Amino acid sequence: MEKLPHGMKNILVTGSSGLIGSEVSIFFSQQGCRVHGIDNNQRAVFFGASGDTRWNQARLTKEIPTFCHHEMDIRNRDGILNLLGEIRPDCIIHAAAQPSHDKAAEIPFEDFDTNAGGTLNLLEAARRHCPESPFIYLSTNKVYGDRPNSIALSEEAMRWDYADPAFAGGIPESFSIDQSKHSLFGASKLAADVLVQEYGRYFGMPTCCLRGGCLTGPNHSGVELHGFLSYLVKCNIEGREYRIHGYKGKQVRDNIHAEDAARFMWEFFRAPRVAEVYNLGGGKANSCSILEAFAMAESFTGKKQASTYEDAHRSGDHICYYSDLTKCRAHFPDWDITISLHETIRQIVESWRTRLGSPLI
Ligand SMILES: NC(=O)c1ccc[n+]([C@@H]2O[C@H](COP(=O)([O-])OP(=O)(O)OC[C@H]3O[C@@H](n4cnc5c(N)ncnc54)[C@H](O)[C@@H]3O)[C@@H](O)[C@H]2O)c1
């Protein structure tokens, strides 16, 4: 492996062509790091051509002259063990995954092998070759299963909200992950989440799980089964119907711009801790329901959002979820949300217009 200039850090990002991986690759290289990315465009295998992330891989190669792409499947155990032995990264950010809960039920083996098996491959490779390096895992709020749906809710004109004052600030990390419906995706991600914690607690490695709300931004290849805001804006611009699954369209998600998520990872890299868990989302201020998201997208495009409604909600789907950011802010006081939901949607609109070649209105 090529020798780095003095003081330069080697960062390994899995899922580097995806939304989070690409944002992190750009952010860390802007901080002077050398970034190695692992991606095999598996998103196109999961979701078809509209999930293809090659365009984003090409963007990284263009924007980061020192970026080093590794075309590898994280399920390839020997390949991962060898690669980490060669690179010995100073930090691992693991963002490669099968990311959709509905898709997982169709492909349970691929889902589990990727999400749980792939994570184990990376953890064990890190333990053998760079146990001191922070290991940051992109987990998900689906590890809480559908238990958030047991919280008392109030129904408002456009959204659901927590009626129980204990959750006025959102869901904290102490919320139970046990005995609720997770979907197979939630279960494979939870298996990985517990493994990441265990490599911290058992082996003393500086690991953390970031239990994401909706991570979003202009570089998502949003599809119906994953990437709700990105897909919703795309539907609006293309004049396509958005299909609402139950809960009257008032289901609430908190949205964090991928750049704010990358900034959090940078803080963890600079001051790592062992076996930590953080609920990393946009918090209440950046939360919205589907109906509210329609209104925001319409305000930018001037186009009425067409939609169809199906009474049945997605199995295990949250009615209302937003993250309590208290622990994130307490551990990393220099970090906070810096990009509003409004600005995030503006950027997504702009990005789809460019990518779809749609004229500005
Ligand atoms: N986007 C969200 O709303 C959200 C929310 C919570 C958690 N997360 C988690 O964050 C992480 C990143 O999500 P994202 O939105 O960037 O997803 P994404 O699908 O945009 O990116 C994932 C990337 O990983 C690659 N990949 C998948 N399987 C692979 C494999 N076996 N080997 C190599 N590469 C592989 C894909 O090709 C893709 O480019 C995932 O772990 C996801 O579960 C995302």
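Structure report, in brief. These figures come from a predicted structure and were not determined experimentally.

## Topic: the pattern of salt bridges
Counted by the stated rule, this structure contains 26 salt bridges. In this structure, the salt-bridge partner of Glu124 is Arg127, at a minimum N-O distance of 3.0 Å. Taken together, the residues span about one helical turn, with Glu124 and Arg127 both in helix α6 (residues 108-129) at a distance of 3 residues. By relative accessible area, which is 14% here, Glu124 ends up buried.

## With respect to the sheet that holds strand β11 (residues 252-257)
Spatially, 3 strands are ordered β9-β11-β13 in an open sheet, and the strand pairing comes out mixed. The open sheet has two free edges, formed respectively by β9 (214-216) and β13 (287-289), since each of these has just one partner strand. Between one strand axis and the next, the sheet turns through 40° on average, direction left out of account. By the bridge criterion, 3 bridges tie β11 to β13 in an arrangement that is antiparallel.

## Digging into the site of the ligand
Around the ligand lies a shell of 32 residues, among which Asp39, Arg43, Asp73, Lys189 and Gly213 are the nearest. Interatomic distance of 2.6 Å between a side-chain N/O atom of Lys189 and an oxygen atom of the ligand. His226 is positioned such that a nitrogen or oxygen atom in its side chain is 3.5 Å from a nitrogen atom of the ligand. When contributions to the shell around the ligand are tallied by element, the ones reaching two or more residues are α1 (19-30), α2 (42-47), β5 (135-140), α7 (183-201) and β9. Residue composition of the shell around the ligand, by class: 13 nonpolar, 14 polar and 5 charged.

## Comments concerning the side chain of Thr301
Mapped onto the elements of the fold, Thr301 is located in helix α10 (residues 290-301). Among the polar contacts listed, one links the side chain of Thr301 to the backbone nitrogen of Lys303, at a separation of 3.0 Å.

## As for helix α9 (residues 258-270)
Over its 13 residues, α9 extends 19 Å from the first C-alpha to the last, a length consistent with the 18 Å expected when each residue adds 1.5 Å. α9 sits mainly inside the fold: 10 of its 13 residues count as buried. Listed as buried for α9 are Ala258, Asp260, Ala261, Ala262, Phe264, Met265, Trp266, Glu267, Phe268 and Phe269.

Basis of the calculations
- Residues numbered from 1 in each chain as written.
- Predicted model: local features only at pLDDT ≥ 70, side-chain atom pairs only at ≥ 80, totals over all residues.
- Heavy atoms only, no water.
- Salt bridge = Lys/Arg side-chain N within 4 Å of Asp/Glu carboxyl O.
- Helix = DSSP H or I, 4+ residues; strand = E, 2+ residues; numbered from the N terminus.
- Buried < 20%, exposed > 50% of the residue type's maximum accessible area, 1.4 Å probe, protein only.
- Pairing = 2+ DSSP bridges.
- Axes fitted to C-alpha atoms, helices over the stretch in contact; angles between N-to-C directions.
- Near = heavy atom within 4 Å.
- Polar contact = N/O pair within 3.5 Å; in protein donor to acceptor, adjacent residues only side chain to side chain.
- Nonpolar A, V, L, I, M, F, W, Y, C, P; charged D, E, K, R; others polar.
- Expected span 1.5 Å × (residues − 1).

On their own, these measurements won't tell you what the molecule is for.
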